[in-house]
Amino acid sequence: MSAEYESVIGLEVHVQLKTKSKLFCGCPAEFGAEPNSNTCPVCLGLPGSLPVLNEQAFLYGIQIALALNCRVAGRLKFDRKNYFYPDLPKAYQISQYDQPLSSGGHLLVEMKEGQKKIGITRAHMEEDAGKLLHEGRAGSVVDYNRAGVPLMEIVSEPDIRTPDEAYAYLTALKAVLQYVGVSDCDMEKGSLRCDANVSIRPKGETRLGTKVEIKNLNSFSAVKRALQYEIARQIDAAEKGETIFQETRLWNDERALTLTMRSKEEAHDYRYFPEPDLVPFTVSSDWVEDLREDLPELPAARKERFVKDYGLSEYDASVLIQDKDLGNFFEECVTAGAPPKRASNLIQSELLGMLYERGETFHAMKTTAAGIAGLIRLVENGTISGRSAKDVLADMLETAKPAEDIVREKGLTQVSDETVIAEAAKKVIAANPKPVEDYKNGKEKSFAFLVGQVMRETKGKANPALANKVLKELLG
Ligand SMILES: [Zn+2]
């Protein structure tokens, strides 16, 4: 980014709540059903049908608001957002306008430079629209299964300054939603969607520049790439003295650029008015406080606990808590007897990388927490070296066998017999006169080389500390 400009970013996230039925009718909210099979007069907007609020969706909405540190409104009111579109059979969407379910929250985001607090402007409930499918020559068709599915729209303050911060915010938000258990947060199924607002301004300027909204962002990394592109485009335009228009642009991931979609609507274009078919009602603050008490442990609290109880570094803890199940797996390893730091190291520096290379997800892997704890025990008690542990782990992921069996079958037991190591060391000394002489002349690096040769001679099985000691003695 140019040193003279800064970017100002706000994100709008739509998250689908995992209720069994839709927001205002009893139709199933499931994904992947036969097109238009999950519909009824209410979600098709037929005349005379009346919406009834889904209590579970309302409960999830409040849980999200609390988890994001928002104030919960004392009164629940819905509004009609009017616009015509083929996937919106009523020609309006039931949403919330001037009195959102919640507002004024924040989310703590982990950056390399430390924690950053991103404000949450509001989080409100609304129904989803249907889905248009463009099927080549046959023209476009519409599937109303998604019409009326419950969503929470979570709008951030324009507190985000870089594409990396946007990525970190989305990661943190997804983790919170997963921990609360209100959504499966699957971007591929559309249960988590994100639009980004971005503008630039000269550094030191406090007024906001003209913002552009970017849509069609299908992954967190697409959000990051689209923002990088758009910021560069706006700076380039500003430097050439061109006007930046307020508009909606679509991200094209294949071509890696944003293209104009339409000029941006203002709120008054939607002619919002109160939904007359849903009577506003008050929300008891005692009930809200009970829900607050019942919230599960959230990522930030869990991170603190991992640092405090297990002695992990802030960074290690933040990696482990990002995925709820990964955090659970780590704790299961500890419960199975693994020292926390060793378990954390093995998971982060070996296990996750190996799974990535194998194209496997952590959830489908063949080994268990008890299996990992068993492997760590073998390293701890000196049966195998740290180097062999990697090979054993790779085998565990392939065969699902316990570490002990693999070590026995492959003869990987660490050699701690001094005479065996001395034998190997003598061979190495005889075969490497030059490095031996260099070492005797004070070149420490040569010693590391010789230790490496002893390890090689013993096929990686020599106890490294012992190999050091024996070699040093032999070299006088
Ligand atoms: Zn319905």
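Conventions we followed
Residues numbered from 1 in each chain as written. Predicted model: local features only at pLDDT ≥ 70, side-chain atom pairs only at ≥ 80, totals over all residues. Heavy atoms only, no water. Patch = residues over 30% accessible without salt bridge, like charges linked within 9 Å, V, L, I, M, F, W, Y side chains within 5 Å. Areas by Shrake-Rupley, 256 points an atom, 1.4 Å probe, with all protein chains shown as cover. Salt bridge = Lys/Arg side-chain N within 4 Å of Asp/Glu carboxyl O. Lys, Arg positive; Asp, Glu negative; His and termini not counted. Charge placed at Lys NZ, Arg CZ, Asp CG, Glu CD. Helix = DSSP H or I, 4+ residues; strand = E, 2+ residues; numbered from the N terminus. Polar contact = N/O pair within 3.5 Å; in protein donor to acceptor, adjacent residues only side chain to side chain. Contact = heavy atoms within 4.5 Å. Core = buried A, V, L, I, M, F, W, Y, C linked by side-chain atoms within 4.5 Å. Buried < 20%, exposed > 50% of the residue type's maximum accessible area, 1.4 Å probe, protein only. Domains from an automatic or database assignment. 1 Å grid on protein atoms, 1.4 Å probe; cavity = no way out; pocket = protein on both sides within 12 Å on 5 of 7 lines; lining within 4 Å. Points joined across faces, edges and corners; volume = space filled by probe spheres on them. Nonpolar A, V, L, I, M, F, W, Y, C, P; charged D, E, K, R; others polar. Pairing = 2+ DSSP bridges. Phe/Tyr/Trp six-rings, centres within 6.5 Å; stacked < 30°, edge-to-face > 60°. Expected span 1.5 Å × (residues − 1). Donors = N, O, S within 2.8 Å, 3.2 Å for Na, K, Ca; no water. Tetrahedral: all angles 85-135°; square planar, octahedral: opposite > 155°, others 65-115°.

Overview of a negative patch on the surface
Taken together, the side chains of Asp286, Asp290, Glu293 and Asp294 present a region of like negative charge at the surface. By secondary structure assignment, the location of Asp290 is in helix α4 (residues 285–293).

Concerning the side chain of Lys90
As for its placement among the helices and strands, Lys90 is situated in the loop between β4 (79–82) and β5 (92–95). A polar side-chain atom of Lys90 sits 2.8 Å from a polar atom in the side chain of Glu127. When sequence neighbours within four positions are dropped, the list of residues in contact with Lys90 reads Val42, Gly45 and Glu127.

Here's the deal with the nonpolar core
One finds Leu11, Ile154 and Tyr169 to be the most contacted residues of the largest nonpolar core, which totals 112 residues. Examining the composition of this core, we find that 10 residues originate from one element, helix α2 (residues 163–180), more than from any other. Built from parts of two domains, this core gets at least three residues from each of domain 1 (5–290) and domain 2 (297–410). The next biggest cluster of nonpolar side chains, apart from the first, holds 19 residues, and it includes Val428, Phe447, Val451 and Ala462.

Regarding empty space enclosed by the protein
Summed over all chains, the structure comprises 1 cavity of 30 Å³ or more. Of the voids in this model, the largest cavity is the one considered here, and its volume is about 70 Å³. What lines the largest cavity is Cys43, Asp87, Leu88, Pro89, Lys90, Tyr92, Glu127, Asp128, Ala129, Ala147 and Gly148. Partitioned by chemical class, the residues of the lining of the largest cavity number 6 nonpolar, 1 polar and 4 charged.

A look at the environment of Leu278
Among the secondary structure elements, Leu278 is positioned in the loop between β15 (273–274) and β16 (281–282). The buried category is assigned to Leu278, whose relative accessible area is 10%. Dropping the residues within four chain positions of it, Leu278 is found in contact with Phe24, Pro51, Leu53, Phe78 and Ile94.

Regarding the sheet that holds strand β2 (residues 71–72)
Strand order in this open sheet of 9 strands is β2-β6-β7-β10-β1-β11-β12-β13-β14, and the pairing throughout is mixed. Looking along the sheet, the strands with just one partner apiece sit at the ends: β2 and β14 (257–263). In this structure, strand β7 (residues 114–127) lies alongside strand β10 (residues 150–156), joined through 7 bridges in antiparallel fashion. From the neighbouring strand, Met125 faces β10, where its bridge partner is Met152.

What about the packing of aromatic side chains?
All chains considered together, the criterion is met by 13 aromatic pairs. With 5.5 Å between their ring centres and 85° between their planes, Phe58 and Phe281 make a pair best called edge-to-face. Highlighted residues: Phe58 in helix α1 (residues 55–67) and Phe281 in strand β16, separated in sequence by 223 residues. Plain terms: the ring middles of Tyr270 and Tyr272 are 6.0 Å apart, the flat faces sit at 70° to each other, and that makes the pair edge-to-face. Judged by its relative accessible area of 15%, Tyr270 is buried. For Tyr272, a relative accessible area of 22% corresponds to the partly exposed category. Here a set of aromatic residues connected by ring pairs shows up, and it is made of Tyr83, Tyr97, Tyr270 and Tyr272.

Some remarks on the pairing of strand β9 (residues 140–143)
A regular strand carries its side chains on alternate faces of the sheet. Two strands pair when backbone bridges link them, and strand β8 (residues 131–134) and β9 are joined in this way by 4 bridges, in the antiparallel orientation. For Leu133, the partnering residue across the bridge sits in β9 and is Val141. Counted along the chain from β8 to the antiparallel partner β9, the turn is 5 residues long, and its residue Gly136 has a positive phi close to 55°.

Focus on helix α8 (residues 340–358)
With 19 residues, α8 ought to run about 27 Å at 1.5 Å a step, and its terminal C-alpha atoms sit 25 Å apart, in line with that. The secondary structure elements touched by the buried residues of α8 are α6 (314–321), α7 (324–335), α9 (369–380) and α10 (386–399). Gly359, located one to two residues past α8, shows a positive phi value of around 70°.

Quick word on the layout of surface pockets
Its volume calculated, the second largest pocket comes out at about 1,000 Å³. In terms of lining residues, the second largest pocket is bounded by 32 residues, among which Glu110, Met111, Ala168, Ser318 and Gln322 are the most central. Counting residues per element, the ones that place at least two in the lining of the second largest pocket are α1, β6 (102–111), β7, α2, α5 (299–310) and α6. With 7 residues, the single largest contributor to the lining of the second largest pocket is α2.

Quick notes on the domain arrangement of the protein
According to the domain assignment, the protein consists of domain 1 (5–290), domain 2 (297–410) and domain 3 (418–474). Spacing between the C-alpha centres of domain 2 and domain 3 amounts to 32 Å.

Observations concerning unusual backbone geometry
One non-glycine residue, Asn36, adopts positive backbone phi at about 65°. Tracing the sequence through the fold places Asn36 in the loop between β1 (5–16) and α1. For Asn36, a relative accessible area of 32% corresponds to the partly exposed category.

Brief notes about the pattern of salt bridges
Per the counting criterion, the structure on display carries 38 salt bridges. Across the pair Glu127 and Lys90 runs a salt bridge whose closest N-O atoms are separated by 2.8 Å. Taken together, the residues span a long stretch of sequence, with Glu127 in strand β7 and Lys90 in the loop between β4 and β5 at a distance of 37 residues. On the accessibility criterion, Lys90 (19% relative accessible area) is buried. Notably, a salt bridge pairs Lys224 with Asp164, separated by 3.0 Å at the nearest N-O pair. Of this pair, Lys224 sits in helix α3 (residues 220–239) while Asp164 is found in helix α2, placing the two residues 60 residues apart along the sequence. When salt bridges that share partners are traced, they join Glu230, Arg233, Glu247 and Arg249 into one network.

So, the coordination of the zinc ion
Tetrahedral metal sites with four donors have an ideal angle of 109.5 degrees; octahedral sites with six donors have ideal angles of 90 or 180 degrees. Cys25 (SG), Cys27 (SG), Cys40 (SG) and Cys43 (SG) make up the full set of protein donors to the zinc ion, lying at 2.3 to 2.4 Å. Bound by 4 donor atoms, the zinc ion shows angles of 100 to 115° at the metal and therefore tetrahedral coordination geometry. The motif formed by the donor residues of the zinc ion, counted along the single chain, is C-x1-C-x12-C-x2-C. Look at Cys27 and you get buried, because its relative accessible area is 7%.

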